[in-house]
Each structure stands twice: as structure tokens, then as C-alpha cells.
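# Per-entry structural report
The chain contents come next:
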Amino acid sequence: MRDVSIIGIGQVEVGEHWDKSLRELGYYALNAAMRDARIQHIDSLYVGNMLAGELTGQEHIGSIIADFAGLRGIEAVKVEAACGSGAAALRMGYVAVAGGLSDIVAVMGVEKMTDRQGNTVTSALAMAADGDYEALHGLSFVSINALLMRRYMHEHGYSKDDFAPFAINAHANAVNNPYAMFHSPITQKQFTESKMIADPVSLLDSSPIADGAACVILAPTAIAKEFSEKPVRVRASAIATDSVAVHDRRDPLFLEGGAISAQKAYSMAGIGPADIDLFEVHDAFTIMSALSLEAAGFAPRGKGVALAQEGQITRGGRIPITTMGGLKARGHPVGATGMYQIVELATQLRGEAGKNQIANARLGMAQNIGGSGATVVTTILESGN
Amino acid sequence: MEVARFWRTTGQRYQLTGEVCPNCGNKIFPPRDVCPACEHEAKTPYTFSGKGEVYSYSTIHAAPEGFEKYVPYTVALVRLEEGPLITAQLTDVDTKDVKVGMPVEMVTRVLREDGERGMLVYGYKFRPVLAGPR
């Protein structure tokens, strides 16, 4: 198996792109990544996407984007695993390069959501849940996270306000990210007073829907320096699954898929959580940050929220999370999100994160979650410097 | 909801019919043919009592398509007395009175209407257990 590195990164601003189509968003991110790697050609393209068919009426987007980008003829496919589509696509690209079947591979996440009305998007997102046994009963995706958050509060003795540090930290970090959707810090008071969506999940517990695209170029590490002065090594990429429906889990408050994929990733990289310098969590909702921190071994069960309250998740803390704004404040274009996490990690590990730079960051980890934990992709990257 | 999909799931939605594992005795709902506890094939039907207690709950203020007119409504995870968790709406109860651990029982209600000429989709909801005669 070959060692794999990221030799180029590219992204578009997350937000409402009413003037751009899905294929244009994809092309801009791909073009930026190819320029960054100083390449004119790729062997294959993996496109992470969840809802192109449902929200834009267009499937078959691997070919659509390859052709639109002037790359007609290459291998190109879409990879889908709900909100975990982005990092799942990275895993497919990683397998192709590590296995020696492709040399220069682009991996993209792209999503176009804001052309549609809110309740249409709410229904589409519910497809990440179990259609016959959750969505049929009127559950929105938000409400499934609300069920988890209520039970977490009940079992571990937290109040809703205790979750605020996750959202406050994400917004504080997004201020300095030019690609983030929001650039305004929030306060505890704003968090407490924010509008309820599905009790106890309110607006400021939740990440916003958005349009976006982010892309990386992968190559064998042996030739990475030919393309980039600062290649970033992929030390691990691992996917694990759990039941889609929360009611089918052995313990709804423990992300078994998150724990298994983290363990696989630690084992691939030969390291443990103590070695990780920063962690991009899948903070679609504040409760998911807590559950992901616990599943990945950064906090004991029920202590993920306490870790945030102690300030350990901020840039100066033990394990900085959502260092460029996270899903909460960078925005959550669902199928693209996993690749934004990867681009942000690579930015940190190249030492290019500006005011948000984590000093001496060497090992960064991301956990991209599909649904409420049914697909979890853990990626570990290492600075090549 | 598509007619065939409606028809093939009526046993589950009307009677709470799941399965029991012939190997380990695990009670399974929703039916899934392979026991999640021991991975043995499990196709023996088993009808649940419909009694349980609230494990968690949430009141929805922003609904998916087809549920807008019911807002706000309360959904829950219910721990059935035979073991499994089930996801369903709560009914016949004021949201502010719902508590984790509250005893509930299954009733059959309309889940949604597919427009004026569409199908009425019936299924299980849960309500607080009524006090018996004194």
C-alpha cells in the first residue's frame, strides 16, 4: 500500500449562491485545488454529494462536473453517505491512490441547497434518517438530534444552556475564516434566547443549510513534493456504520460508529487521541459535538459538554475543535461538509490558518457523520513539514 | 405514501407486529429478519403489547412536508416493555406534561394525509396510560 498525501486544496465561500449552479460550484472548488497543486490533469474524480437529485433534479453529477470542468473522459463517480458523503468520497480516493490504481485523484464535496424552500429541504434532510420508521412519523432530522440531546441532559444532568460553548467557540473561529458563512460572534445570552426548532434544539444549536464546494488533490507521498512545498499526509481514513434509526442502537447516547471508525483510524496511524493537536467535529447540532468527542476518546461518557465548559475546545485548549467555524458557523452544505473539514485541517497543517492557526499543529483529525451516526468517517492528517 | 409500501407495512403500523428471535428470544421491532443481538435469522412474528415508557421526547416547530398543519407536535422514543425502543408521535397529551419515564400505550391514529384526494396513512402513536376505574 502506498502512502498518500494532499497536494492541493480549494474551496468556495459557504453561503447562498443563487447565481451559481451545482456544477459551477463544483468546478470552482476543483479548479482552485488543481491550481494549488499546479496540475492540468487528474486521473479520477470522486464527488461527495447527498441531495443533488432531490434538491436540484440532477443526478449523475460525477460526469456532469468532470465534463463541465473540461475533463471529459476521466473516471468520475458520486459517493453518497448522507451528511458523511464528503469524507466518504475522500476514503474512496484514498483507496484508489493507496492501492496503486490511480496516481492523481481529485476528491470533492459539493451541495446546492438554498434554491429550495425550507420545508422541502427539511424533508430532504430527513432522508438521512429511517424513512419507514422515523420520517414516516413526522420526525425531522432536527428532532432526532433533539431526542438525543434531551436524553443526554436527562442522563448526565446538564441544562440546555450548558451546550452554549460549542456554538460560541464555532462562531468565534468563523470570524477569521473568509470562506465561512457567518462572521459574527455570539453570546451566551443570544444562545439562551434563540428560537426553538425542535425542543430542546434551538436555532443556535443548529448548523445552517448552505451551498458550497470544497476539493483536495491526492497523490502518492513519494511524488508529492513535485507538486506542493507543503504536502499533507493522509495518515488514516476509516469508515464505520451503525443503525440508521436511533431506536435500533444498542445505546443511543454512544456513537458506536464514531468509536469504531476512530479506533480504526488510530490503529492505521499508530497513534491515540492524546497525539491529536486539533479535531474538526461534525457539529451539525451541539449534541453531536459532545457525542463525537466522547466516541473519539477525548472525553469520558457524559463529559463531552463538561470539556467544552472547561474551555478545552477553544484554540488555546487541550483539543481545539471547529477551528475554522465548524458546521455551525462555517455552514453545513451537507454533502460538501466532510471535504470542508479536510480542506480546513490541511490549511491548519500547512500553517496557513492566519489568526486561527493552532501553534505547532502536526496531527489533525476530522470526524464526518452521516445521519445521526449511521455512517462515521474519521480522517487523520499529518503536516508534511 | 405509495400504496404498495402502505400495504406491506400495515401489520407493523396497525398492530405493532414485530418478530421474536427463535435463537435468543430477543423481541424485535421494527421487523428486520435478522436478530440484531445474535445475528440469527428471526422471522417468527411477535405482536407487542403496546405498553412502554417515554425514553426521550421533542416538540417539533419546523415540520417536514406533509406535517406542516400539525405543528407543534410531540415525537418520542418509547421503551416498549418487551425491550425495544420505538420512534412515534405522542398524542392526547399537553407537551408541557410530558416527562422522561412517563408510562404510555399505543393507539392507532392518522399519521398524515396525502392531500385532499390522497390516502389517509394510519399508524401507531402513543398516549399517556389512562388511569383505571376506581
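This is a predicted model, so every value here is computed, not measured. (Residues numbered from 1 in each chain as written. Chains lettered and ligands numbered in written order. Predicted model: local features only at pLDDT ≥ 70, side-chain atom pairs only at ≥ 80, totals over all residues. Heavy atoms only, no water.)

## Thoughts on the overall build of chain B
For clarity, the threshold we go by: Each helix corresponds to a stretch of at least 4 residues labelled H or I by DSSP, and each strand to a stretch of at least 2 residues labelled E; elements are numbered beginning at the N terminus. Note on classification: 1.4 Å probe, protein chains only; a residue is buried when its accessible area is under 20% of the maximum for its type, exposed when over 50%, partly exposed between these limits. What makes two residues a contact is simply this: any of their non-hydrogen atoms within 4.5 Å. For the area figures, the Shrake-Rupley method with a 1.4 Å probe applies, and any residue is considered shielded solely by the protein chains shown. Two residue types count as positive, namely Lys and Arg, and two as negative, namely Asp and Glu; His and chain ends fall outside the count. Charge positions come from single atoms, namely NZ of Lys, CZ of Arg, CG of Asp or CD of Glu.
On a plain count of helices and strands, chain B comes out with 2 helices and 8 strands. Ordered by position in the sequence, the α and β elements of chain B form the string α-α-β-β-β-β-β-β-β-β. By its C-alpha atoms, chain B is 45 × 40 × 30 Å across when sized along the principal axes. A total of 134 residues make up chain B; the buried ones form 43% of that total. For chain B, the share of sequence-separated contacts (at least 6 apart) that also reach a separation of at least 24 residues comes to 48%. Surface summary for chain B: the accessible area is close to 6900 Å², and the carbon and sulfur share equals 50%. Separation of charge centres in chain B, based on 17 positive and 17 negative side chains, amounts to 3 Å.

## Let's talk about a nonpolar patch on the surface
Residue and element names in this part refer to chain B. Note the following rule: In this analysis, a patch consists of residues with relative accessible area above 30% that form no salt bridge, clustered at 9 Å for like charges and at 5 Å for the nonpolar side chains Val, Leu, Ile, Met, Phe, Trp and Tyr. Counted as salt bridges are all cases of a side-chain nitrogen of Lys or Arg within 4 Å of a carboxyl oxygen of Asp or Glu.
A contiguous nonpolar patch, built from Tyr14, Leu120 and Tyr122 and spanning about 250 Å² of accessible area, is present on the exposed surface. For Tyr122, the position within the fold is in strand β8 (residues 120–128). On the basis of relative accessibility, which here comes to 34%, the residue Tyr122 falls in the partly exposed class.

## A look at the sheet that holds strand β9 (residues 278–280) of chain A
All names here are of chain A. Our working rule: By definition, two strands form a pair when at least two bridges between them are found by DSSP. Working convention: axes come from line fits to C-alpha atoms, limited for helices to the stretch in contact. Angles between N-to-C directions cover 0 to 180 degrees.
Judged by pairing direction, the sheet is mixed, and its 9 strands sit side by side in the order β3-β2-β4-β7-β1-β8-β11-β10-β9 without closing on themselves. Two strands in the sheet have a free side with no partner beyond their single neighbour: β3 (75–79) and β9. The mean angle between the axes of side-by-side strands here comes to 25°, regardless of whether they run parallel or antiparallel. Judged from the 5 bridges that link them, strand β2 (residues 44–48) and strand β4 (residues 105–111) form a sheet pairing that is parallel. Along β4, the bridge assignment pairs Gly48 with Gly109. Most of the contacts of helix α4 (residues 85–98) go to β2, to which it runs at about 160°, and overall it touches β1 (4–11), β2, β3, β4, β7 (212–220), β8 (232–241), β10 (363–370) and β11 (375–383).

## Considering the pattern of salt bridges
Residues and elements named next belong to chain A. In the structure shown here, the tally under the stated rule is 32 salt bridges over all chains. Of the charged contacts in the structure, one is a salt bridge between Arg38 and Glu229, with a shortest N-O distance of 3.2 Å. With Arg38 in the loop between α1 (22–36) and β2 and Glu229 in the loop between α9 (221–224) and β8, the pair connects residues that are 191 residues apart, well separated along the chain. Of the charged contacts in the structure, one is a salt bridge between Arg330 and Glu344, with a shortest N-O distance of 2.6 Å. Taken as a pair, Arg330 in helix α13 (residues 326–330) and Glu344 in helix α14 (residues 334–349) lie far apart in primary sequence, 14 residues in all. Pair check on accessibility: Arg330 and Glu344 agree, each one buried. Among the charged side chains, a network of salt bridges with common partners joins Asp3, Arg233, Arg235, Arg362 and Glu382.

## Thoughts on the pairing of β4(A)
Residues and elements named next belong to chain A. Counting buried positions along β4 gives 7 out of 7 residues, so the element sits mostly inside the fold. Going residue by residue along β4, you find Val105, Val107, Gly109 and Glu111 tucked away on one face and Ala106, Met108 and Val110 tucked away on the opposite face as well. Looking at chain direction, β4 and β7 are connected through 7 bridges and run antiparallel. Of the residues in β7, the one forming a bridge with Met108 is Cys215.

## Topic: the domain arrangement of chain A
All names here are of chain A. As a reminder of what qualifies: Here the bounds of each domain stem from an automatic or database domain assignment. Buried area is calculated as the accessible area (1.4 Å probe) missing from two parts once they are joined, with the contributions of both summed.
Partitioning chain A into domains gives domain 1 (4–117 + 209–232) and domain 2 (138–202 + 234–383). Computed over C-alpha atoms only, the centres of domain 1 and domain 2 are separated by 22 Å. Facing the 46 residues of domain 1 at the interface are 36 residues of domain 2. A buried area of about 3200 Å², summed over both sides, lies between domain 1 and domain 2, and 68% of it is on carbon and sulfur atoms. Counting the surface domain 1 buries against domain 2, the share from its top three residues, Gln11, Cys83 and Val232, is 22%.

## As for the sheet that holds strand β3 (residues 44–47) of chain B
Adjacent strands of a sheet form backbone hydrogen bonds with each other and so pair up, either parallel or antiparallel. All names here are of chain B. Strand order in the open sheet made by the 3 strands is β2-β1-β3, with antiparallel pairing throughout. If you trace the sheet from one side to the other, it starts and ends with β2 (27–28) and β3, each paired once. As defined by bridge partners, strand β1 (residues 17–20) adjoins β3 across 4 bridges and the pair is classed as antiparallel. By the bridge assignment, Val20 is partnered in β3 with Thr44.

## Brief notes about the nonpolar core
All names here are of chain A. Put simply, the rule reads: Within this scheme, the nonpolar core is defined by two criteria: the residues are buried Ala, Val, Leu, Ile, Met, Phe, Trp, Tyr or Cys, and they are joined through side-chain atoms within 4.5 Å.
Formed by 79 residues in total, the largest nonpolar core has its most connected members in Leu293 and Ile380. Sort the elements by how many residues they give to this core and helix α6 (residues 141–156) lands first, with 9 residues. Excluding its chain neighbours within four sequence positions, the residues that come into contact with Ile380 are Arg233, Val234, Arg235, Ala236, Ala265, Tyr266, Ala269, Ile271, Ile276, Leu363, Gly364 and Met365. Judged by nonpolar contacts, the second largest core, of 68 residues, contains Val79, Ile217, Val343 and Leu345.

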